[in-house]
Amino acid sequence: MVKKILAKSYVYLILLLMYVPIIVLIIFSFTNSDNVGTWNGFTLELYPRLFKNEAIMKAVGNTIIIALISAVVSTVLGTLGAIGTFYAKKRTRAVIENITQIPVVNSEIVIALSLTFMFVFFGSYVFRTEIFSFWTILIGHVVLSLPFVYLNVKPKLTQMDPSLYEAAINLGCSPRQALTKVIFPQIKPGIISGFMLAITLSLDDFIVTAFTTGPGLLSGAGKIETISTFIQSVIKKKVVPNELRALATLIFICVVIATILTTVYQKYQRPEYKMKYKSSEMVIKRNFRILVVSTICLMAIIALVAIVLGMF
């Protein structure tokens, strides 16, 4: 009994330490004070100001573009690489799997420095020009996230019957049909989780972006700024825009919504859930209600806490 209480207390303490800073940041996004800890009354002023701040909007736009493109490229390459490795010879498979493990366990600063030296070499001796741009950032993010996509897809392949592909070919499918109609549906959960993880890694990355950045995208002739590099640059100047509190709140809400949708989707895939809700229309309506109610409850709790703080 005592062990259970201590174990639960430890878990709750860890969750408290993880989420209290986020909650504090969210609460103070509803006031226009310059410092977190000073309450000037409840207001939504920071949110319109966020969307009018050109520098932040450019950083957000650059981050989303890089994350989506790098996630798509990483998912395609990682999935095809996992399938090819799965059907390769044992020695070849062992070599590829060991090579794939290196970027995962390797320090990110080593990857960033290696990419920088490579781009400098190619720029100096091959292209004879400066090559740091959107493409160097994209290559860096793909190198960073591709092994994680591979590691997400590989377990689904190992759970699959290895003779399915050959059986599909013997039954008259072309290699492309066997791949798209037999293999891909079996490993779809791994592909989706790998894609989401690739987006997360790209959104969260700072070191690779800082070392491989160059002009392009929404920044024009200036260096590309993502959310992480933009925050680092403003912190270095010791002038942190208040609008970043509103940005953090919106990012957190998007993450919560994505988590709810993923949970609902996984629940819908269970056989007992499909038996209970046979109509797809019923499933869509129920999932939509869950999403709306969860979002409203989250915003109501945050607003309530902010109003209560405003009374003191």
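Scroll up a little and you will see the structure.
Which residues make up the overall build of the protein chain, and what values do they have?
Each helix and strand in the protein chain was counted, giving 13 helices and zero strands. Element order for the protein chain, N to C, with α for helix and β for strand: α-α-α-α-α-α-α-α-α-α-α-α-α. In the protein chain, which comprises 312 residues, the proportion classed as buried is 32%. Here the analysis covers contacts within the protein chain between residues at least 6 apart in sequence; of these, 70% occur between residues at least 24 apart. When the accessible area of the protein chain is evaluated, it comes to approximately 19,100 Å², of which 70% is carbon and sulfur surface.

Give a detailed account of the pattern of salt bridges, specifying residues and quantitative values.
A side chain of one charge can pair with a side chain of the opposite charge when the charged atoms of the two come close. Under the defined criterion, the tally for this structure stands at three salt bridges. Between Arg49 and Glu243 there is a salt bridge, and its shortest N-O distance comes to 3.4 Å. Taken as a pair, Arg49 in helix 2 (residues 46–52) and Glu243 in helix 11 (residues 243–268) lie far apart in primary sequence, 194 residues in all. Residue Arg49 is classed as partly exposed on the basis of its relative accessible area of 27%.

How would you explain the nonpolar core if you had to name every residue and give the values?
In terms of nonpolar packing, the biggest core is built from 18 residues, with Ala82, Ile83, Val153, Leu157, Met160, Ile183 and Ile187 touching the most fellow members. Residue assignment for this core shows that the elements contributing at least two residues are helix 3 (54–86), helix 6 (134–159) and helix 8 (175–204). Counting residues per element, this core draws most heavily on helix 8, at seven residues. Excluding residues that lie within four positions of it along the chain, Ala82 makes contacts with Tyr150, Val153, Lys154 and Leu157. By size, the runner-up hydrophobic cluster in this structure holds 17 residues, among which are Ile26, Ile27, Val60 and Phe230.

Mind laying out the environment of Gly78, listing which residues take part and the relevant values?
The topology assignment puts Gly78 in helix 3. For Gly78, a relative accessible area of 0% gives the class buried. Between the C-alpha atoms of Gly78 and Tyr150, which are 72 residues apart in sequence, the distance is 4.6 Å. Those residues within four positions of Gly78 in sequence are excluded, and the remaining contacts are Leu146, Val149 and Tyr150.

Basis of the calculations
Residues numbered from 1 in each chain as written. Predicted model: local features only at pLDDT ≥ 70, side-chain atom pairs only at ≥ 80, totals over all residues. Heavy atoms only, no water. Helix = DSSP H or I, 4+ residues; strand = E, 2+ residues; numbered from the N terminus. Buried < 20%, exposed > 50% of the residue type's maximum accessible area, 1.4 Å probe, protein only. Contact = heavy atoms within 4.5 Å. Areas by Shrake-Rupley, 256 points an atom, 1.4 Å probe, with all protein chains shown as cover. Salt bridge = Lys/Arg side-chain N within 4 Å of Asp/Glu carboxyl O. Core = buried A, V, L, I, M, F, W, Y, C linked by side-chain atoms within 4.5 Å.

Any functional reading would require information beyond the geometric quantities listed.
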